[in-house]
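# Structure assessment
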Amino acid sequence: MTQCRLLKTFQNRSSRRKEALICDRSRKDGPRKWSLLTSAAEVGLGTSPRPLRLVVPVSGSLILFVLLLLSGCMKRPSTLSPLPGSASGTAPGFNGGGGLTRSAVPMTPLGADEVWILARGDQTKNEAADDMPGSGALMAKLEEKMVEMPLKHTDVRASVNGYLGSVEVIQKFHNPYSSKIEAVYVFPLPHNAAVNEFIMTIGDRRIRGIIRERTEAERIYQDAKQQGYVASLLTEERPNLFTQSVANIEPGKEIDVNIRYFHTLDYVDGWYEFVFPMVVGPRFNPPGMTNGIGSAARGQQGVTGQTTEVQYLRPHERTSHDISLELDVEASVAIEQFECRTHQVISEAASPSHVTVSLNPLDTLPNKDLVFRYRVAGDRIKSALVAHRDDRGGFFTLMLYPPQEIQEMPRQPLELVFVLDCSGSMNGRPIAQAKAAIERGLGLLQRGDSFQLITFSTTASQFGDKPLEATPENVRSGLRYLRSVNSEGGTMMIEGIKAALDFRHDPRRVRFVCFLTDGFIGNETQILGAIHERLGASRIFSFGIGSSVNRYLLDHMARQGRGAVAYLGLKDSAAQIMEDFFERISHPAMTDLAVDWGALHVTEIFPRELPDLFSGRPVILTGRYSGQAVSAIHVNGKAAGQPLQVAIPATSGGATATHPALPSVWARMKIADLTEQSTYAPDPELPDAIKQVALDYSLMSAFTAFVAVDSSRRTEGTEGTTVPVAVPVPEGVKYDTTVEEK
Amino acid sequence: MKVAWRIVYLAIFALMVFGQAAELRAQQPATEEGRSRFRTIDIFIDSRSTPLAAYQVEFEATNGVVKIVGIEGGEPEAFRHPPVYDPKAIQRDRVIIASFSTATASTLPRGKTRVATIHIQVSGDQEPKFEIKLQTAGDSQGHKISAQATFEERKAP
C-alpha cells in the first residue's frame, strides 16, 4: 500500500492552482518518488478533469547533487513566480535563459526524509527543460511524461480528385502559460505541395495572410511582434520543411492557422499514394555547416548552431499535441482496393469510386507519415491529360504511363550497387529493414549480373574493390559482409555518393545504384549537386527506409539519377519492395522521350528534361498551353534500341475550368525545377526567378513567405517568450543516436 | 601628470557612456515605432436596399510607404471569410479584393456593410492617403447593382 506524506501545499500564483508536494514513503529500498499534485479545481489554464501528477524518481545521489546545485537558492523565497516576459530570446524553460523553471529548495528541518519544495525561480539552467513556463499545466507520470505544448492540435482535411490532392491543415495554437508567448513550430509538408493559402483565425475573425518576399515578410513579422500585435509567419526551410511562428499569444488565448496546398499523388506499381508527413526526422549536418537542420533536445535551443532547429522530446516524454485527419477520395473510376499500413483508420466506401477515411482517435500521435494507398480498376492505366484554362491562360498535367510493350522485352545483364546508410538514425528497425531488402536483392541476381555493397556513416567502406560477378560464392560472401555491418555515427552521404558513382562503368551491363537511407541530412543541396555531377551512365533508385523519411531528398536523388524512388516503411515487406524493384529493372526503360503535342501549342514544360519511363512508374509532366487539343498527343522513345510510341487522347477541356489547382501545381513544378537547377548550376538570377513565380501565384518558396498581422489590437506588455514546439522522434528512430544532448 | 590621468579617466568614461548608448540603440527594434506603425482600415459597401452577393474593390495608398499585411473578412456571415486578393496587384501594395456569397437573398446584407478589413503597415513620417474604387457589385441573381464603397480607418482602442 502506498504511504504518502504531505510535505507542503502552496498556491501557484501564476496559474491559480493549488499544488502539493508529497513523498511516497512506501519504498524504503528502491528509489523514492516525489509527486507534485495539482488541483484541477481551480484551474485557470488547461482543462484537465483530474489532478495532474508529476512523479520524479529520486535517488540519494541525485538529491545530494540538487541540494548542492541549489545551495545558492537558500536565501531566496520559495515562491512561484510568473514567466517573466523577456523582451527577446527563448523561453527560460527551453534554453535556460532564466525565468520560470522548477528548482528544488531544501526545507527545514532537514531530517531523515528528503524534504523538497518544488518551486519556480529564475535560475537553474540545466533543469529548465523539465518544466514548462508558468502554468503548472505540466502533466507527467514516471513512464511517459505528457508535455504541454503551445501547438495543441493539428486538423487535416484532404480531398483527392483523380490524382490531384487538395489539403487543408489547421494548426491550433494556444497559450497554456501565465504570460505572453511566441510559438515556433518546424513541421513537414509534402515536397511537391503548392502552398497557396494562409489564414490566421483569432476567435471568429479570419485574416488572410499575404505572400511577400521572405525578408520583407520576416521584417513585417518582427515589427508586429515587437510592437505587441498578434502576427503569424510561415517560412520554407526546405521544400518539405516549414516554420510556423505565431507572435503575442496571450495567456489562455487560442490562435488557429489554416494552410492549404495542392499536390499530385504518386502512382507506384498500380497504387496511388496519398502521403501526409507528420514529423521531421532528426537531421545530420556535416561539420562546418550552419544552414542545416539542427536536432536538439527539448529545452536546448541553439546548441546545434544551425539556422533551423527542431527540438525533440526525450524518450520518456509525450507531446500534448495530437492530430486528426479526414481524407475524401473520388477516383472517378471504381476503386478496387485501398489500405493504410501506417495508421489505424476508419474507412467507408461511399460508392465504388468514392472512399472516405479518417484517423482512428486511438492513433493520433504525430510521429510518422500517413500513407493511404488505393488501386483503381482496370488491367492497365492509360496515360491521360487534364487541363485548366483561366484568365492566365491554359495549364495542363500529363501522367505518362510506360507502354505495355516494354513488359515483353528481355532482361539485360545488371550491375547492381547497393549503398546502405549505416548512420545512427538507421539504428534498430530501419537498418534491419534495409538489410532484409538488400538480402532479397542479392538473392534475385542472376548469372551474368554483378554487384557491389557500399556502406556509409561517418566514412564509406565497400565489400569489394570492384563489382563482383554474382556467383553463388560471391553472393554468400556478400551476405556475410552485409550481416556484419552496424549502424552508428554521422550521415556523410557524400562519401557514399562518391564511392558509388566514382568508378568505371562496365559497358556490358546496365548499372543501377540503390541508395537505402532515411535521408536524415541537412545538406540536401550538396548531395543533389554531387549526383548531377557524377551520375554518368548510372541510374539511381532511392529507397526511403523508415516511418518518416526525407522524401524531398529521396525523390530528387531518383529524379537527378534518372531512376525512381520507393519507400519501405517499418511494417512493409522488405522482400516485396525489392521484388517490385527487380520487376521494374528487369525490363528496359523507355528512354530518349520526345513528345509530339499535335495541335496544342505547349510551353514551359516541367520537368525540363524528360525522365526515362520504367515499368510500373509513370511520370507527371506539367506545362502551359494555348490552342485546342483536337488530336492525340504522341510520345516517342526507345527501349532496348527499338522505337516505341505512346498515343494519348487529348481533351483539354476547352473553356471549362474544371481543375483550378493546376496553375498552382504548374507553378510549384516550375519552382522545383528552378530550385533543382540551382543545386548544380548556381545562377545569381535563379532566386529572383523563383521569387517572381511564387509571388505571381501566391506560393510558398524559399524566397517568399506568408505573413498575417492583426493590427486592430495591441496586446499588453513586451513581445513575450519564444516557445519552440518540441516533437517526438519518428517511430522507429532512436533518440539516443540522433539528437544532440548538451 | 594629474591632468593627463584626468584626461584618460574622462576618455574611458566617455567611451563607456558611448558604448552603453550604442548598445541601447542596438537593442531597439529595427524599425522604431514612430516610423513603422500598423493601422486598420475597414472597407464598407453600401448596396442600399439591394442584397449584396458579390463585390470587387480596389484600394490603395496614394502616398506614403504602405504595406498590406493582412486581409480580414467582413461583419456579416456572408462575407466572414476573408476575400481573395490579386497577387500581382499586391506586389505594388495596391489591393484588389473580391468575394461572393451563395446565400439566399434574404440572408445577404443590405445597406452599409463592413465587407472586409485591411491591415496595413505604414513606414516613414508621411501620413498616407487612401483611395477606394468599387469595381463591381452584384446581387444573388448575378446582376450588377449600384453600390458605393467607402473606407474608415479604425481608431486605436
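Residues numbered from 1 in each chain as written. Chains lettered and ligands numbered in written order. Predicted model: local features only at pLDDT ≥ 70, side-chain atom pairs only at ≥ 80, totals over all residues.

### Considering unusual backbone geometry
All names here are of chain A. Omega for the bond connecting Phe606 with Pro607 falls within 30 degrees of zero, at 0°, which places this linkage in the cis form. Within the secondary structure, Pro607 is located in the loop between strand 37 (601–606) and strand 38 (619–626). A positive phi angle, near 45°, is found at Asp269, a position not held by glycine. Position of Asp269 relative to the elements: it lies in the loop between strand 17 (266–268) and strand 18 (271–276). Since 16 C-beta atoms lie within 10 Å of it, Asp269 is described here as partly exposed. Its identity as a non-glycine residue notwithstanding, Asp592 has a phi of 50°, on the positive side. Relative to the helices and strands, Asp592 is located in strand 36 (residues 591–596). Take Asp592: there are 12 C-beta atoms within 10 Å of it, and that puts it in the exposed class. (Helix = DSSP H or I, 4+ residues; strand = E, 2+ residues; numbered from the N terminus. Buried ≥ 20, exposed ≤ 12 C-beta atoms within 10 Å, placed from the backbone.)

### Things to note about the interface of chain A and chain B
With 26 residues of chain A at the contact, the number on the chain B side is 27 residues. Elements with a contribution of two residues or more to the side of chain A that touches chain B: strand 12 (205–208), strand 13 (210–213), helix 3 (214–226), helix 11 (686–696) and strand 41 (704–714) of chain A. The element contributing the most residues to the side of chain A that touches chain B is strand 41 of chain A, with 7 residues. The residue makeup of the side of chain A that touches chain B, split by class, is 12 nonpolar, 7 polar and 7 charged. When strand 12 of chain A meets strand 3 (residues 65–73) of chain B, the two strands line up antiparallel, connected through 2 bridges. Residue Ile207 of chain A lies in a different strand from strand 3 of chain B, and its bridge partner there is Glu72 of chain B. (Contact = placed C-beta atoms within 7 Å. Nonpolar A, V, L, I, M, F, W, Y, C, P; charged D, E, K, R; others polar. Pairing = 2+ DSSP bridges.)

### Description of the nonpolar core
Counting residues in hydrophobic clusters, the biggest one holds 215 residues, and the most contacted among them are Ala183, Ala231, Val419, Cys514, Leu516, Phe706 and Val707 of chain A. When sequence neighbours within four positions are dropped, the list of residues in contact with Leu516 of chain A reads Phe418, Val419, Leu420, Asp421, Ala434, Ala437, Ile438, Phe543 and Ile545 of chain A. (Core = buried A, V, L, I, M, F, W, Y, C linked by C-beta atoms within 7 Å.)

### Considerations on the confidence of the model for chain A
Model confidence for chain A is summarised by a mean pLDDT of 81, while 78% of its residues fall at 70 or above. Note on residues 652–657 of chain A: pLDDT under 50 across the span, and 15 contacts to partners over four residues away in sequence or across chains. (pLDDT = per-residue confidence, 0-100.)

### Side note on helix 9 (residues 574–585) of chain A
Residues and elements named next belong to chain A. The terminal C-alpha atoms of helix 9, which comprises 12 residues, lie 17 Å apart, in line with the 16 Å expected from a rise of 1.5 Å per residue. Every buried residue of helix 9 is accounted for by Ala574, Ile577, Met578, Phe581, Arg584 and Ile585. Seen end-on, helix 9 carries its buried residues on one side only, within an arc spanning 115°. Elements that come into contact with the buried residues of helix 9 comprise strand 29 (414–421), helix 4 (429–443), strand 33 (510–517), strand 34 (539–545) and strand 35 (565–568). (Expected span 1.5 Å × (residues − 1). Arc of directions from axis to C-beta.)

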